[in-house]
Amino acid sequence: MGTGLDTSSAAVEQALLAYCESRREWVVETTLALARLESPTDDKMAVDACGRELRERMEAIGGTVARLPQARAGDHLRAEFGAGESQVLLLGHFDTVWPVGQLARMPLEFRDGRLFGPGVFDMKAGIALGLLAARAVLDVCPAAGRLVMLWTSDEERRSRTSRTLIEEEARRSRAALVLEPGLAGGGVKTARKGCAEFHLAVHGVPAHAGVEPDKGASAVHELAAQVVDLQRVRELTPDVSLNVGTMSGGTLPNVVAEEARAVVDARVTAAADMDRVIDFVRNRTPTVPGTRIEVTGGFDRPPLERTAAVARLYERARDIAGRLGHDLSEGATGGGSDGNFTAAVGTPTLDGLGAVGAGPHALHEHIEVDSLPWRAALVACLVVDVLGDGPAPAA
Ligand SMILES: [Zn+2]
């Protein structure tokens, strides 16, 4: 974009890499600063404290930051760097699955080239390397175009308040680079399943189980039949997975159960399967006379499908990584992220560009410290590439 340079040239890429490698301490320190501020999704005060730190750090490196206030969730942050018609989106979240106090059990700790601690991999290191990428672009290619960052506060709780925001920003962007954790070994994610949650409630008729069982209609028996029947979803498409994660019902052994409930998680790889799965789960016919079944819920996230645009973006990233001296594989995951939303509105999306590490949501969560500079450089190169003549929305 008017830099007068061939912005995809190897020289620019090497300059971005050198820039990021010489700021290794800065990106590590930024990761630590964000990780020290524990930020469980449901604790607005804690999430907002982390958001304030992040906001100050973005302003310090030249970002124009807007805080997007939320009543219950933490406030989301949108930051703009550079200017121009063409926009690329860096996307991620600063909430974590860990409660406040987890740091006492899982202290931030360097061991064998790794940094351990709650939320470092998912995904405070990803945010930190995104900030370093922005610094590199601003310093090395200041006229590249507009870089927008969206850091949200509720991704770990289904992005209840951030979805619309993410979709709107994605529609304005030539590509969305999602700084969620990489796959094992550092691969990026070019496909993610779409995720649904359904709630089944069965209403029966209570009766004495010994005296007049025939006057009752057991909600528990009915729910058991439905749980078995739900497994037939595989007949619709082998690519769907369905898990009845929780069940409850009844009151006492000698009472025919009046109520029973279950929560079901269903996932698909293709958007075309979403409606069929919804119809199948929702249209339940009772087998126990006298019971009634209510089903609520649906898809929270559409799948991230490996479209031609996603594949092209990956291939560019792989080629850049190769020139930076690293292999970059791709893969699919059953978990969803906010990249599902950006891909579903037609914006070429590459997910899993964050740190290399392991153990998201697990006690051994960690990142490989050496990965931070080169992953930042990879993101910076991709930003410059996309703002040049890189991928654009299909529309
Ligand atoms: Zn995450």
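One can find the structure itself at the top, above this paragraph.
Residues numbered from 1 in each chain as written. Predicted model: local features only at pLDDT ≥ 70, side-chain atom pairs only at ≥ 80, totals over all residues.

J.: Can you walk me through the overall build of the protein chain in this structure?
T.: A tally of regular secondary structure across the protein chain gives 11 helices and 16 strands. For the protein chain, the C-alpha atoms occupy an extent of roughly 85 × 45 × 40 Å along the three principal directions. Taken over 395 residues, the protein chain has a buried fraction of 50%. Sequence-distant contacts, at least 24 apart, represent 79% of the contacts inside the protein chain between residues at least 6 apart. (Helix = DSSP H or I, 4+ residues; strand = E, 2+ residues; numbered from the N terminus. Buried ≥ 20, exposed ≤ 12 C-beta atoms within 10 Å, placed from the backbone. Contact = placed C-beta atoms within 7 Å.)

J.: I'm lost on the nonpolar core in this one. Help?
T.: As a rule of thumb, soluble globular proteins bury nonpolar side chains together. Ranked by size, the top nonpolar core spans 81 residues in total, and within it Leu-129, Ala-136, Val-137, Leu-177, Ala-376, Ala-380 and Val-383 carry the most contacts. At 14 residues, the largest contribution of residues to this core is made by helix α5 (residues 120-140). Setting aside anything within four residues of it in sequence, one finds Ala-380 in contact with Leu-16, Cys-20, Ala-133, Ala-136 and Val-137. (Core = buried A, V, L, I, M, F, W, Y, C linked by C-beta atoms within 7 Å.)

J.: What am I meant to see in the sheet that holds strand β15 (residues 357-358) here?
T.: Consider a sheet: its strands pair through backbone hydrogen bonds, and that pairing is either parallel or antiparallel. A sheet is described by the order of its strands in space; here four strands give the open sequence β4-β5-β16-β15, paired in antiparallel fashion. Only two strands of the sheet have a single partner each, and these edge strands are β4 (109-111) and β15. Taken together, the three bridges between β4 and strand β5 (residues 114-116) define a ladder with antiparallel strand orientation. What sits directly across from Glu-109, in β5, is Phe-116. Contacts from α5 reach β5, β15 and β16 (366-368), with the element oriented near 45 degrees to β16. (Pairing = 2+ DSSP bridges. Axes fitted to C-alpha atoms, helices over the stretch in contact; angles between N-to-C directions.)

J.: So what exactly am I meant to see when it comes to the pairing of strand β8 (residues 188-192) here?
T.: Across the five residues of β8, four count as buried, placing the element largely inside the fold. Of the pairings in the sheet, the one linking β8 to strand β13 (residues 330-333) comprises four bridges and is parallel in character. Note on β13: the bridge partner recorded for Val-188 is Glu-330.

J.: Would you take a moment to explain the environment of Val-383 for this structure?
T.: When you line up the elements, Val-383 lands in helix α11 (residues 371-388). Each C-alpha atom, one on Val-383 and one on Leu-177, is 8.4 Å from the other, the two residues being 206 residues apart in sequence.

J.: Looking at this structure, how should I read the sheet that holds strand β11 (residues 259-268)?
T.: Judged by pairing direction, the sheet is antiparallel, and its four strands sit side by side in the order β10-β11-β9-β12 without closing on themselves. One side of each edge strand has no neighbouring strand; the edge strands of this open sheet are β10 (241-249) and β12 (292-301). Geometrically, the sheet is characterised by an average inter-axis angle of 15 degrees between neighbouring strands, direction not taken into account. As paired elements, strand β9 (residues 194-203) and β11 share 10 bridges and run antiparallel to each other. By the bridge assignment for β11, Gly-194 is matched with Val-268. Of the strands in this sheet, β9, β11 and β12 touch helix α8 (residues 274-282), which is tilted by about 165 degrees from β11.

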